[in-house]
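Letter by letter, the chains look like this.
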Amino acid sequence: MGANIKAIRARIKSVESTRHITKAMELVASSKIKRATARMEQSRFYRSVMLDAFADLSSADTMYSRARDASLPVVYIIVAGDRGLAGGYNNNIFRSAALMLREQDVILPIGKRAVEYYTHKNRRVLTTDFVSCEDMASEECSRAAYLIRDMYDRGEIGGVRLISTEFVSMLTQTPQMTHLLPLRKENEAEQKPKVVVEYEPSAEAVLAALIPEYIAGVVYSSVCESFASELAARRSAMDSATKNADEMLDSLNLKYNQARQSAITQEITEIVAGANA
């Protein structure tokens, strides 16, 4: 009986230690989420404007709007988290990407988990420089954008796609795929009145200069949204873990008190039996 009490006490101490960690991680995520969502909201407008603007520009017949050979590799910009313990956040991104990736495709991972995952999988990775969503600045997004634009101009790749996480609410975050290149024309049902645009010196030259800004802007917005999603997912996961630890502690404390009561009762019975003898 004494050994049983000792084991339960050790288990309670272990669960309490885990609970302190999960609660601390929940509080850290909560303290960062307000700033992250504010940055996300600011960048969402810019993303929306960029996508709309380049949907209009796609009407020009340029190398950036023409479909390319389907056998060419596609660059997938994949944004995952910097850390784990965020529920299914990272795995959802990797599963979504796995449904689209082909053997010849190239990956540009953003976030420590994405870099580690695709390096370990021995996939063709463009660069491993972008290891932090939280600290990724617009300048780094521009560097990635120029790198991709140059590959596209040289005809090395057939397209560019972005896989990231959409922040729906504090409880819901879903993977999303954004088609960046070649530029896609608007659906007929959604087309706005046509505006005649003249390009100087040419549509090709203008788009060549603007494409990096377009890619960088959409990527930066997606990184901001993904980081906010990661924090929300971690806060939710750690809140659930803390509640589970509380329930486990209640159960263990009940077992501990029952074991102690049984031990005390047994000792009293032995004392009474010895006195009667």
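Going by the structure above, here's the rest.
Residues numbered from 1 in each chain as written. Predicted model: local features only at pLDDT ≥ 70, side-chain atom pairs only at ≥ 80, totals over all residues. Heavy atoms only, no water.

1. Considerations on the overall build of the chain
As a reminder, the rule being used: Helix and strand definitions follow DSSP, with helices as H or I runs of at least four residues and strands as E runs of at least two, each counted in order from the N terminus. All radius of gyration figures rest on C-alpha atoms, and the globule criterion is 2.2 Å times the number of residues raised to 0.38. Note on classification: 1.4 Å probe, protein chains only; a residue is buried when its accessible area is under 20% of the maximum for its type, exposed when over 50%, partly exposed between these limits. Throughout, a contact is declared for two residues whenever any of their heavy atoms are within 4.5 Å. Surface accessibility in these figures is a Shrake-Rupley result with a 1.4 Å probe; residues are shielded only by whichever protein chains are displayed. Charged residues are defined narrowly, with Lys and Arg counted positive, Asp and Glu counted negative, and His plus the chain ends left uncounted. By convention, charge coordinates are those of NZ in Lys, CZ in Arg, CG in Asp, or CD in Glu.
For the chain, the count of helices and strands is five helices and four strands. Written out in order from the N terminus, the α and β elements of the chain read α-β-α-β-α-α-β-β-α. Against the compact-globule benchmark of 19 Å for 277 residues, the chain has a radius of gyration of 28 Å, which places it well outside the compact range. Within the span of the chain, comprising 277 residues, buried residues form 42% of the whole. Within the chain, contacts between residues separated by at least 24 positions form 75% of all contacts whose residues are at least 6 apart in sequence. As presented, the chain carries roughly 15200 Å² of accessible surface, and 54% of it is formed by carbon and sulfur atoms. One way to put it: in the chain the 35 positive side-chain charges average out to a point 7 Å from where the 35 negative ones average out.

2. What to know about the pattern of salt bridges
Filter applied, for reference: By definition, a salt bridge exists where a carboxyl oxygen of Asp or Glu is found within 4 Å of a side-chain nitrogen of Lys or Arg.
Tallying each qualifying case throughout the model produces 14 salt bridges. Residue E134 is joined to R83 by a salt bridge in which the shortest nitrogen-to-oxygen separation is 3.8 Å. Residue E134 is found in the loop between α3 (112-120) and α4 (138-153), and its partner R83 is found in the loop between β1 (74-79) and α2 (89-98); the two are separated by 51 residues along the sequence. Overall, the relative accessible area of 24% leaves E134 in the partly exposed class. Here R234 makes a salt bridge to E230, at a shortest N to O gap of 2.8 Å.

3. Regarding the sheet that holds β1
The condition that has to hold: At least two bridges found by DSSP between two strands are what make those strands a pair. Between N-to-C directions, angles span 0 to 180 degrees; the directions come from axes that are lines fitted to C-alpha atoms, helices contributing only their stretch in contact.
Strand order in the open sheet made by the four strands is β2-β1-β3-β4, with mixed pairing throughout. If you trace the sheet from one side to the other, it starts and ends with β2 (106-110) and β4 (173-181), each paired once. In this sheet, adjacent strand axes meet at a mean angle of 20° when their direction is disregarded. Pairing between β1 and strand β3 (residues 159-167): five bridges, direction parallel. For V75, the partnering residue across the bridge sits in β3 and is V160. Contacts between α2 and the sheet are confined to β1, β3 and β4, with β3 contributing the most and set at about 150° to the helix. Against the sheet, α3 makes contact with β1 and β2, and its axis sits at roughly 145° relative to β2, the strand it touches most.

Geometric values such as these leave the question of function open.
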